[in-house]
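Chain residues, written in single-letter form:
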Amino acid sequence: MTTIAREHDAQKRDVTGASASGRRRQPLGRQLRTWGPVIWLWVAMIPFLYPFMFMIATAIRTPEEFRQNVVNVIPTQVTTEHLVNAWVAGGLGEAMLNSLYTTAIGVVVSCLLATTAGFFFLRNNSKPAKFVRVAIFASQALPAPVWLIPLYVAVSGWGLSNQLWFLGVLYGLVAARFGAYLMYAYYRALPSEMFEAARVDGASTVRQFRSIVLPLSLPPLATLVALTFVWSWGDFLLALVFTGASGNPTVTVAAATLVGQFSTGQQSQAAALAISMVPMLIVFAFAQRFLVMGALAGSVKS
Amino acid sequence: MRKDGLILGSKSRTRSGVKDTSPWEWLFVLPLLVATVAFFVIPSVEAIIMSFTRWDPGYDSPFIGLRNYENALADPSFRAVLLNQLFFLLAVPLWTVLPLFFAAVLRKGVPRPGIFRSIIFFPSVVSAAVMGLLFVQILSPGGPVNELLRAVGLGSLATSWLANPDTVKPVIVVVIAWATMGTGVVIFSAALSGSSQELFEAAELDGAGFWMQFRYVVIPVLRPIIEVWVAILFITVFVSMFPWIYTLTKGGPGNASATLDFRIYESALIFGNFGIAAAQMVIMLIIVVALSLVGVVVAKLRKRWKVES
């Protein structure tokens, strides 16, 4: 055992040594100066990592251990009780499906509307088209708390207010206005000779859209999909107003109303929060690049 | 990166539009246009109209002039809300300097800055409501923050952070600093790596330390993007605090942490005072428009000043 460990250690030293071989010969003070910031940075990371570790530990440890020990985030007695509680009795399983459903609709709607509108803005630069472009973009400045309640009152009258698909469409629209701008900015940078050639070859507008624009749209579409997913999945205000009283909530609303239902309420809620984060974690793992691009586009656009 | 002028130069049509667009192509934008008007513009206009009525959805809503505004502004709890908003506005510098600082630290001299950036960025991807619920547990009277304080002998500092009127707002400021840090670091890091490195090299040659570089290189170089970030935060403070406030405190204790968007939700959907809620919506709209106008005017003035000097 020890020899293996020692060998392993030696290997590790070798690996790190490859990049730091020059550094090793440097005096101690210099070494401290290079590694000081790193240690300091890891300390600064504790507040960013601890809440998630606390959440996971709370979600999977036994109530007895939780009561004895709140600060330590390394569980020794593990149980699935709280996860099951949240998933079944807390209705989180259903809520996850509801969220998936609304989010999927949101993603499809935003992609459809953003690509078509972006393509239109590229082709048509007449005064009215420009006005529409600016107006749609500017409408994002209307705060959700202003339009949400009148909209809710109006659609309640039509019986749509507790329909999940309607919430999904709303997510799509919120994202599509930003998406249309994202797409337009991207299309504008495409070489116009391409469209010229397609036109000469007799490709109709619809054909150009389908065969040239859509296949080329994948990079900005990935950004838009990632952003719409994160927005819709994480939304709370719209979901609370539209599904809070329907008994058919999305995952954020379900997690918010879960506490106090069980004797181990806090732990079940931590379990619910952890479960609700899983899709986010997957998106983050695979699409962080696109989320970063979305954050950048959001800050540069104005 | 393609130069815009290149396209415009080779193709006058990009500027003037394609010559052969036919009216039916408007169908491409029609769904988004109609939906934007129907879902966002008309309800907003309706909010303005209904603010002058005793709005009672499903029943008659008689016109009552400015009564809703009088009632809203005379309400001392609404003044508390506006003061809370002011407090959160004062936190904007903190929410700006912290991510700037981290971006500057990560710019150079740290191996594998991507790991740190990912760790910091993740919380800004997760739902604000979910994070709020998590922080309720962390900050609860018997939660890890207080237990840790007790463990290191600072038990006298332990308090129920979110139920204490003295601590609730600062704690919310810290939580939001934590949550917005990621987006800020990502944006500022990208801007830093996109800016010319010569300035930093020159500063280093002149023997400028980290803080000197931060003050005299990082901040001036990033000034335009910092302004955008601050503008976004200013609007955010008035418009999208709801998930935090709802999950962390429900506006409490008393009105110590209620914000405008939370109060609108409460007035309409908890208390059923739709007319007063509408007046509060219009106040929010006025604030947002005023803030945007101030931003535009400042930008214009600065441009003119730059041209003249």
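Residues numbered from 1 in each chain as written. Chains lettered and ligands numbered in written order. Predicted model: local features only at pLDDT ≥ 70, side-chain atom pairs only at ≥ 80, totals over all residues. Heavy atoms only, no water.

1. A look at the overall build of chain B
Selection criterion: The way it works is that DSSP assigns letters per residue, a run of H or I at least four long becomes a helix, a run of E at least two long becomes a strand, and they are numbered from the N terminus. This radius of gyration counts C-alpha atoms alone. The globule rule is 2.2 Å times how many residues there are, raised to the power 0.38. Exposure classes here rest on a 1.4 Å probe applied to the protein chains alone. A residue is buried below 20% of its type maximum, exposed above 50%, and partly exposed in between. Residues are treated as being in contact if the distance between any of their heavy atoms lies within 4.5 Å.
Assigned secondary structure in chain B consists of 16 helices and zero strands. Taken against the 2.2 N^0.38 rule, which gives 19 Å for 309 residues, the C-alpha radius of gyration of chain B at 24 Å runs more than 25% over that of a compact globule. Taking the principal axes of the C-alpha coordinates as reference, chain B spans close to 75 × 70 × 40 Å. Taken over 309 residues, chain B has a buried fraction of 48%. A separation threshold of at least 6 residues defines the contact pool for chain B, and within that pool the share at least 24 residues apart is 64%.

2. Thoughts on the interface of chain A and chain B
For clarity, the cut-off: Buried area: the accessible surface (1.4 Å probe) lost by two parts on joining, summed over both. When a carboxyl oxygen of Asp or Glu lies within 4 Å of a side-chain nitrogen of Lys or Arg, that pair is called a salt bridge. Any pair of N or O atoms that falls within 3.5 Å is considered a polar contact. Within protein, one atom must be able to donate a hydrogen and the other to accept it, and sequence-neighbouring residues count only if both atoms are side-chain atoms.
Facing 90 residues of chain A, the contacting portion of chain B comprises 88 residues. Regarding the contact of chain A and chain B, the summed buried area is about 7800 Å², with carbon and sulfur atoms giving 80% of it. A salt bridge links Glu25 of chain B to Arg123 of chain A; the shortest N-O distance between them is 3.0 Å. Linking chain A with chain B are eight residue pairs in polar contact (both at pLDDT 80 or more), by the criterion used here.

3. Re a positive patch on the surface
Residues and elements named next belong to chain B. Basically, it comes down to this: Each patch is built from residues that are more than 30% exposed by relative accessible area and take part in no salt bridge. Like charges join if they lie within 9 Å; nonpolar side chains (Val, Leu, Ile, Met, Phe, Trp, Tyr) join within 5 Å. Per-residue and other accessible areas were derived by the Shrake-Rupley procedure at a 1.4 Å probe size, with only the shown protein chains allowed to occlude residues. The sign given to each residue is positive for Lys and Arg and negative for Asp and Glu; His and the chain ends receive no count. We put the charge of a Lys on NZ, of an Arg on CZ, of an Asp on CG and of a Glu on CD.
A surface patch of like charges, here positive, comprises Lys300, Lys303, Arg304 and Lys306. With respect to the secondary-structure elements, Lys303 resides in helix H16 (residues 274-308). For Lys303, a relative accessible area of 62% puts it in the exposed group.

4. Observations concerning the nonpolar core
Definition in use: Residues belong to one nonpolar core when they are buried, are Ala, Val, Leu, Ile, Met, Phe, Trp, Tyr or Cys, and are joined through side-chain atoms within 4.5 Å.
In this structure, Phe121 and Phe242 of chain A together with Trp95, Phe102, Met131 and Phe188 of chain B are the most contacted members of the largest nonpolar core, which totals 184 residues. Top contributing element to this core by residue count: helix H10 (residues 168-194) of chain B, with 15 residues. Here Met131 of chain B is in contact with Phe52 and Met277 of chain A together with Pro123, Val126, Trp178 and Trp244 of chain B, once residues within four sequence places are set aside.

5. Brief notes about a nonpolar patch on the surface
Among the surface-exposed residues, Val206 of chain A together with Trp24, Leu27, Leu30 and Val34 of chain B lie close enough to one another that they form a single nonpolar patch of about 460 Å² accessible area. Summarising the element assignment, Val206 of chain A is placed in helix H10 (residues 205-216).

6. A short note on unusual backbone geometry
A positive phi angle, near 50 degrees, is found at Lys250 of chain B, a position not held by glycine. Accessibility expressed as a relative area gives 47% for Lys250 of chain B, which makes it partly exposed.

7. Topic: the packing of aromatic side chains
What counts, and what does not: Any two of the Phe, Tyr and Trp rings considered here, Trp counted by its six-membered ring, make a pair once their centres fall within 6.5 Å; the pair's planes then place it as stacked at under 30 degrees, edge-to-face at over 60, or tilted in between.
Going through the model one piece at a time under the given rule, you end up with 46 aromatic pairs over all chains. Between Phe120 of chain A and Phe121 of chain A, the aromatic rings sit 5.9 Å apart at their centres with planes inclined by 65 degrees, giving edge-to-face as the arrangement. With a relative accessible area of 1%, Phe120 of chain A lands in the buried category. Each ring, one from Phe236 of chain A and one from Phe242 of chain B, has its centre 6.0 Å from the other, and the planes form 25 degrees; the classification is stacked. Pair noted here: Phe236 of chain A is in the loop between helix H11 (218-234) and helix H12 (237-243) and Phe242 of chain B is in helix H14 (residues 242-248), and the two residues belong to different chains. Here Phe236 of chain A falls in the buried class, since its relative accessible area comes to 2%. With relative accessibility at 1%, the residue Phe242 of chain B sits in the buried group.

8. Some remarks on the pattern of salt bridges
Residue and element names in this part refer to chain B. The full count for this structure, using the stated rule, is seven salt bridges over all chains. The shortest N-O distance in the salt bridge between Glu227 and Arg223 comes to 3.3 Å. Of the two residues, Glu227 and Arg223 both sit in helix H13 (residues 223-239), four residues apart, roughly one turn of that helix. The exposure class of Glu227 is partly exposed, given its relative accessible area of 34%. Taking relative accessible area as the criterion, Arg223 reaches 46% and is therefore assigned partly exposed. Salt bridges here are not isolated pairs; linked through shared partners, they connect Arg223, Glu227 and Arg302.

9. Here we look at the packing of helix H12 (residues 210-221) of chain B against H13 of chain B
Residues and elements named next belong to chain B. Short version of the rule: Orientation is described by lines fitted to C-alpha atoms, with helices fitted over the stretch in contact, and by angles between N-to-C directions that extend from 0 to 180 degrees. Reported orientations rely on four angle classes, namely roughly parallel under 35 degrees, roughly antiparallel over 145, roughly perpendicular from 65 to 115, and oblique for the rest. Asp, Glu, Lys and Arg are counted as charged, while Ala, Val, Leu, Ile, Met, Phe, Trp, Tyr, Cys and Pro are counted as nonpolar; the rest, among them Gly, fall into the polar class.
In contact at an axis separation of 5 Å, H12 and H13 are set at 65 degrees when each is read in the N-to-C sense. Relative to H13, H12 is oriented roughly perpendicular. Contacts from Ile219, Pro220 and Val221 of H12 reach H13 at Arg223, Pro224 and Ile226. Split by residue class, the contact of H12 with H13 holds five nonpolar, no polar and one charged.

10. Regarding helix H9 (residues 192-200) of chain A
Rules: This arc describes the spread of directions from the helix axis toward the C-beta atoms.
Residues of H9 of chain A that are buried include every one of Ser192, Phe195 and Ala198 of chain A, and no others. The arc that holds every buried residue of H9 of chain A, seen down its axis, measures 120 degrees, which confines them to one face.

11. With respect to the environment of Leu148 of chain B
All names here are of chain B. Turning to its location among the elements, Leu148 is positioned in helix H9 (residues 144-151). Classification of Leu148 by relative accessible area gives partly exposed; the value is 46%. The spatial distance from the C-alpha of Leu148 to the C-alpha of Ala158 is 9.0 Å, given a sequence separation of 10 residues.

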